[in-house]
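Examination of the molecular architecture
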Amino acid sequence: MCKKKNITSTPLTFLSKTFDNKNSIAADILLSLYEDMLLGRNFEDMCAQMYYRGKMFGFVHLYNGQEAVSTGVIKLLRHEDYVCSTYRDHVHAISKGVHPKYVMSELFGKETGCSKGRGGSMHIFSREHNFLGGFAFIGEGIPVALGAAFQSVYRKQIFHTSVDLNVTVCFFGDGTTNNGQFFECLNMSVLWKLPVIFVVENNQWAIGMAHHRSTSSPEIYEKAKVFGLPGVEVDGMDVLAVRKVAEVAISRARSGAGPTLIEALTYRFRGHSLADPDELRSRKEKDAWLMRDPIKNLKNYIVQNSLANLDDLNNIEINVKKDIEDAVSFALSSPEPDVQELKKYLLTE
Ligand SMILES: Cc1ncc(C[n+]2csc(CCOP(=O)(O)OP(=O)(O)O)c2C)c(N)n1
Ligand SMILES: [Mg+2]
């Protein structure tokens with residue numbers, strides 16, 4: 001019987017033991033991963049506060065609990081590589097280097113936001129960082145990511161550029177893998193050997209629908225086999241385990257060997273969106289996953305192995321909090337878009 005069929009009653013039994021491969025990782029890398037995850041978590045917690053104070057409008061989907069996936073993959077990318085996200089996009093953008101103040105300002109609908117205040121929470125975009133969005137419709141980003149990967153190959157083959165292939169990473173959820181674009185794009189990515197990595201963040205739920213109830217074959221990584229690309233499952237609560245599989249997938253993509261599908265097993269610690277009372281998931285299930293908080297686990301590991309002292313960790317926490325407070329001040333003091341310019345960015349000039 002498929003191991004994911006029982007996931008809601010025994011959520012943790014199949015997961016790999018965390019932190020068994022860390023000894024070879026330098027302390028400064030561990031600290032930078034810790035900092036990135038903490039920045040994501042604090043950013044999202046602040047979003048919740050600001051949303052309930054009426055500073056943001058529309059739906060806001062937070063990423064709490066899933067930080068090891070964003071950090072584990074994106075922190076290995078180069079500046080010129082591409083990232084394509086979903087509506088749960090703030091933290092992916094921040095990991096890719098978009099400054100939190102431009103993301104916060106976007107959430108406040110301000111002119112200084114990374115999408116000029118016209119996009120909001122689900123449409124974070126940054127051309128400068130090759131961050132492709134931010135998509136409200138599920139699966140919508142997958143063909144876009146394929147296009148980014150295709151142009152990288154095209155430039156090399158047609159213009160004979162000597163630069164390395166850029167890698168495109170496309171994140172989406174377990175529920176989205178029931179959507180047609182997923183299958184079409186897996187097929188095409190293999191046919192064209194595209195430098196793309198599909199990262200499924202399997203947080204076990206699609207709004208209020210449990211993963212094992214909505215799909216005929218819950219092992220998502222195994223679906224890769226049908227199309228002929230590598231499919232790997234990884235513990236998405238362990239940033240170093242994610243980093244390890246991402247390293248292999250990135251070098252495969254960059255070398256021109258083609259795509260990889262990564263299924264990261266994770267969990268969102270909050271409701272589907274800030275409007276969701278989150279009453280469908282059991283307390284027992286939530287508590288079991290909270291015990292595996294990727295940020296707390298990495299911190300414990302760093303402390304227990306004396307890889308940094310508490311002062312270093314405290315300083316990171318203080319600096320992260322300050323960055324988030326600065327982001328809020330920036331967003332609050334930024335101007336609203338001019339209503340006369342409502343249509344300004346609809347067409348390229
Ligand atoms: C094409 C389309 N159909 C339906 C929806 C409504 N919808 C919004 S979120 C969601 C569930 C997606 O779940 P998953 O892919 O697991 O992502 P998660 O929210 O867990 O990150 C659905 C069906 C949508 N946004 N787009
Ligand atoms: Mg999901």
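Residues numbered from 1 in each chain as written. Chains lettered and ligands numbered in written order. Predicted model: local features only at pLDDT ≥ 70, side-chain atom pairs only at ≥ 80, totals over all residues. Heavy atoms only, no water.

Considering the overall build of the protein chain
Note the cut-off: Per the convention used, a helix needs a DSSP run of H or I reaching at least four residues, while a strand needs a run of E reaching at least two, with both numbered from the N terminus. Computation of the radius of gyration draws on C-alpha atoms alone. For the globule rule, the value is 2.2 Å times the number of residues to the power 0.38. Between buried and exposed lies partly exposed: a residue is buried under 20% and exposed over 50% of the maximum accessible area for its type, with that area taken using a 1.4 Å probe on protein chains only. We call two residues in contact whenever any of their non-hydrogen atoms come within 4.5 Å of each other. Under the convention used here, a 1.4 Å probe and the Shrake-Rupley method define accessible areas, while residue burial counts only the protein chains that appear.
The secondary structure content of the protein chain amounts to 12 helices and seven strands. By the compact-globule yardstick of 20 Å for 349 residues, the protein chain fits well, its C-alpha radius of gyration being 20 Å. Across the 349 residues that make up the protein chain, the buried fraction comes to 54%. Counting only contacts in the protein chain whose residues sit at least 6 apart along the sequence, the fraction spanning at least 24 positions is 76%. By element, 54% of the accessible surface of the protein chain is carried by carbon and sulfur atoms, the whole surface being about 15900 Å².

Description of the sheet that holds strand β2 (residues 168–173)
Stated precisely, the cut-off is as follows: For two strands to count as paired, DSSP must find a minimum of two bridges between them. Here the axes come from fitting lines to C-alpha atoms, over the contacting stretch only for helices, and the angles between their N-to-C directions go from 0 to 180 degrees.
As summarised here, the arrangement of the five strands in space is β1-β2-β3-β7-β6, forming an open sheet in which the pairing is parallel. Edge positions in the sheet fall to β1 (82–84) and β6 (231–235), since each has one partner strand and no second. For this sheet the average axis-to-axis angle between neighbouring strands, irrespective of direction, equals 20°. Across five bridges, β6 lies against strand β7 (residues 260–265) in parallel orientation.

Some details on the coordination of the magnesium ion (ligand 2)
The following threshold applies: Only N, O and S atoms count as donors, using a 2.8 Å limit from the metal and a wider 3.2 Å limit for Na, K and Ca, and since water is excluded some coordination spheres may look unfilled.
Protein-derived coordination of the magnesium ion (ligand 2) comes from D174 (OD), N203 (OD1) and W205 (O), at a distance range of 2.1 to 2.2 Å. Mapping the donors of the magnesium ion (ligand 2) onto the primary sequence gives the spacing D-x28-N-x1-W. Linking D174 in the loop between β2 and α6 (180–191) with N203 in the loop between β3 (196–202) and β4 (205–206), this pair joins segments that are 29 residues apart in sequence. Of the two residues, D174 and N203, neither departs from the other in class, the shared state being buried.

Some remarks on helix α9 (residues 239–254)
Keep this limit in mind: In this analysis, the expected span of each helix is defined as 1.5 Å times one less than the number of residues it contains.
Here α9 spans 22 Å end to end across 16 residues, near enough to the 22 Å set by a 1.5 Å rise per residue. Among the residues of α9, those classed as buried are V239, L240, A241, V242, R243, V245, A246, A249, I250, A253 and R254. Looking at the buried side of α9, the elements it contacts are α1 (27–52), α2 (67–74), β3, β6, β7 and α11 (294–304). G256 occupies a position one or two residues after α9 and carries a positive phi of about 90°.

Digging into a nonpolar patch on the surface
Selection rule: Patch membership is restricted to residues that have no salt bridge and whose relative accessible area is over 30%. Joining uses 9 Å for like charges and 5 Å for the nonpolar side chains Val, Leu, Ile, Met, Phe, Trp and Tyr. When a carboxyl oxygen of Asp or Glu lies within 4 Å of a side-chain nitrogen of Lys or Arg, that pair is called a salt bridge.
Residues F150, Y154, I158, F159, M188, L191 and W192 make up a contiguous nonpolar surface patch of about 730 Å² in total accessible area. At the level of secondary structure, the elements contributing two or more residues to the nonpolar patch comprise α5 (141–159) and α6. Broken down by element, the residue count for the nonpolar patch peaks at four residues, all from α5. Relative to the helices and strands, Y154 is located in helix α5.

Describing the UniProt feature "domain: Dehydrogenase E1 component" (unreviewed entry) in the protein chain
To keep it simple, the criterion reads: UniProt positions are given in the numbering used here, feature names are shortened, and annotations may be inferred rather than shown by experiment.
As annotated by UniProt and renumbered to match this structure, "domain: Dehydrogenase E1 component" (unreviewed entry) occupies residues 36–339. Here residues 36–339 is 45% helix and 10% strand, with 36 Å between the C-alpha atoms at its ends.

Notes on the packing of α5 against α6
In plain terms, the rule: Convention used here: angles under 35 degrees read as roughly parallel, angles over 145 as roughly antiparallel, angles from 65 to 115 as roughly perpendicular, and any remaining angle as oblique. Helix crossings fall into two classes, left-handed where the near helix is turned counterclockwise from the far one by less than a right angle and right-handed where it is turned clockwise. The nonpolar class holds Ala, Val, Leu, Ile, Met, Phe, Trp, Tyr, Cys and Pro. Asp, Glu, Lys and Arg form the charged class, and all remaining residues, Gly among them, are polar.
Packing of α5 against α6 brings their axes to within 9 Å, and their N-to-C directions diverge by 15°. When the interaxial angle is binned, α5 and α6 end up roughly parallel. For the pair α5 and α6, the crossing hand works out as left-handed. Together, I142, P143 and L146 of α5 and Q181, F182, C185, M188 and S189 of α6 make up the contact between the two elements. Class assignment of the residues belonging to the contact of α5 with α6 gives a composition of six nonpolar, two polar and no charged.

Thoughts on the layout of surface pockets
Operational definition: Of the two site types, the cavity is a set of points on a 1 Å grid over the protein atoms alone where a 1.4 Å probe fits but cannot get out, and the pocket is an open set with protein on both sides within 12 Å along at least five of seven lines, each lined by residues with an atom within 4 Å of a point. Grid points are joined across faces, edges and corners, and a volume is the space filled by probe spheres set on the points.
Its boundaries defined by the atoms lining it, the largest pocket holds a volume of some 700 Å³. Lining the largest pocket are 24 residues, with C114, S115, K116, F125 and Y345 sitting closest to its centre. Residues of the lining of the largest pocket, tallied by class, amount to eight nonpolar, nine polar and seven charged. Counted as a void, the second largest pocket has a volume near 400 Å³. In terms of lining residues, the second largest pocket is bounded by 28 residues, among which T86, Y87, I138, G173 and T176 are the most central. Looking at the lining of the second largest pocket, the elements with two or more residues in it are α5, β2 and β4.

A few points about the packing of α1 against helix α4 (residues 100–107)
One can describe the packing of α1 onto α4 by two numbers: an axis separation of 12 Å at closest approach and a directional angle of 25°. One way to sum up the angle between α1 and α4 is to call them roughly parallel. In this structure, α1 crosses over α4, and the sense of that crossing is right-handed. From α1, L39, F43, M46 and C47 reach across to α4, where they touch P100, V103, M104 and L107. Counted by class, the contact of α1 with α4 contains eight nonpolar, no polar and no charged residues.

Some words on the site of ligand 1
Under the convention used in this document: One heavy atom within 4 Å of a molecule or strand makes the whole residue count as near it. Identification of polar contacts relies on pairs of N or O atoms within 3.5 Å, with a donor-acceptor requirement for protein atoms, meaning one able to donate a hydrogen and the other able to accept it, and with residues adjacent in sequence counted only if both atoms are side-chain atoms. For a molecule to be placed in a cavity or pocket, more than half of its atoms must lie within 2 Å of the grid points of that cavity or pocket.
What surrounds ligand 1 is a group of 14 residues, the closest being Y87, R88, G175, T176 and N203. A distance of 3.1 Å separates a nitrogen atom of ligand 1 from a polar backbone atom of A136. Within the backbone of I138, an N or O atom sits 3.1 Å from a nitrogen atom of ligand 1. In isolation ligand 1 exposes 590 Å². Once the protein is present, 72% of that is buried. The site holding ligand 1 turns out to be the second largest pocket. Here the shell around ligand 1 is built from residues that sort into seven nonpolar, five polar and two charged.

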